[in-house]
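Report on the structure
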Amino acid sequence: MITTGKERLLIIAPHADDEVLGCGGLIEKACRYENEVKVVVVAVGDIIHPHSGELVNAETRIQELREALAILGCTNFEIIYKNKDSLLDTIPRNDIITRLDTIIEQFEPTMVFIPLPSYHQDHIVLYEACFASLRPRPSHLIKLIAVYEYPLISWQFQKFWNTGELYLDISETIDKKIEAFLKHKSQRRPTKHLISPESVKKWAEMRGLEIGIEYAEKYYILRSHIL
């Protein structure tokens, strides 16, 4: 899946922290093997988080993202909307698609990873926008388009049973993934929460057990092309 210095990976995330939850191991491994990696976070903003009751501003989320990606070896990231956290359903869909189109055309990825459409409205909107932006283009062939998951998909409105499944061995990089996740300090949950650091590690362990390795990330293949 990841070879030394040959791929251009685009990770598209609804919010800052989703990139680590879904693709932290992938980002670290791809960067370590000297591939080009770009992370696009679609929405941050000033928001009161229900889990803490505290107001967290957009600049805090961006700084946390910067520090998390630095742990994983990635410096190339972009924020599309800096005042739209949990408000993507209020933006004309065409505006989101157009912005994604531009990023895809400029970065020219060989692999793209997008979020699974969970119960959160931002995730649903972004999945649908990504699906539109990643329509086939004869001028730019993307060899792999896949959906990444995160622990909160344990409660979702649809299942991805009819797609190919791809597991990435992150046994060597699970500690980096957790270290990066801890940089998202404003998102810290209690131990028993589905996206606590402890649960994130257990989730990776569960995916590893499914294929007989220590830790893994699981992806669902939407489209693939073997060169």
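Look up a bit, the structure's there.
This section reports on the structure supplied with the text. (Residues numbered from 1 in each chain as written. Predicted model: local features only at pLDDT ≥ 70, side-chain atom pairs only at ≥ 80, totals over all residues. Heavy atoms only, no water.)

Here 7 strands make up an open sheet; going across it, the order is E5-E2-E1-E6-E7-E9-E8 and the pairing mixed. Only two strands of the sheet have a single partner each, and these edge strands are strand E5 (77–81) and strand E8 (164–169). Taken over all neighbouring pairs, the strand axes of this sheet differ in orientation by 25° on average, direction set aside. Direction of pairing for strand E1 (residues 8–13) relative to strand E2 (residues 36–43): parallel, over a ladder of 6 bridges. By the bridge assignment for E2, Ile-12 is matched with Val-40. Taken strand by strand, helix H2 (residues 58–72) contacts E2 and E5, and its axis lies near 155° from that of E5. Taken strand by strand, helix H3 (residues 93–107) contacts E1, E2 and E5, and its axis lies near 160° from that of E5. (Pairing = 2+ DSSP bridges. Helix = DSSP H or I, 4+ residues; strand = E, 2+ residues; numbered from the N terminus. Axes fitted to C-alpha atoms, helices over the stretch in contact; angles between N-to-C directions. Contact = heavy atoms within 4.5 Å.)

Turning next to the pairing of E1. Where a strand is regular, its side chains alternate between the two sheet faces. Among the 6 residues of E1, 5 are classified as buried, and the element is accordingly described as predominantly covered. Traced from E1 through helix H1 (residues 18–32) to E2, the parallel crossover comes out right-handed. By the bridge criterion, 3 bridges tie E1 to strand E6 (residues 111–115) in an arrangement that is parallel. Looking across to E6, one finds that Leu-9 is bridged to Met-111. (Buried < 20%, exposed > 50% of the residue type's maximum accessible area, 1.4 Å probe, protein only. Right-handed = clockwise from strand over helix to strand, strands pointing away.)

A few words now on H3. End to end, H3 covers 21 Å across 15 residues, agreeing with the expected 21 Å (1.5 Å per residue, within 8%). Listed in full, the buried residues belonging to H3 are Ile-96, Ile-97, Leu-100, Asp-101, Ile-103, Ile-104 and Phe-107. Considering only its buried residues, H3 is in contact with E1, E2, E5 and helix H4 (121–133). Where H3 terminates, the next one or two residues include Glu-108, which has phi positive at roughly 50°. (Expected span 1.5 Å × (residues − 1).)

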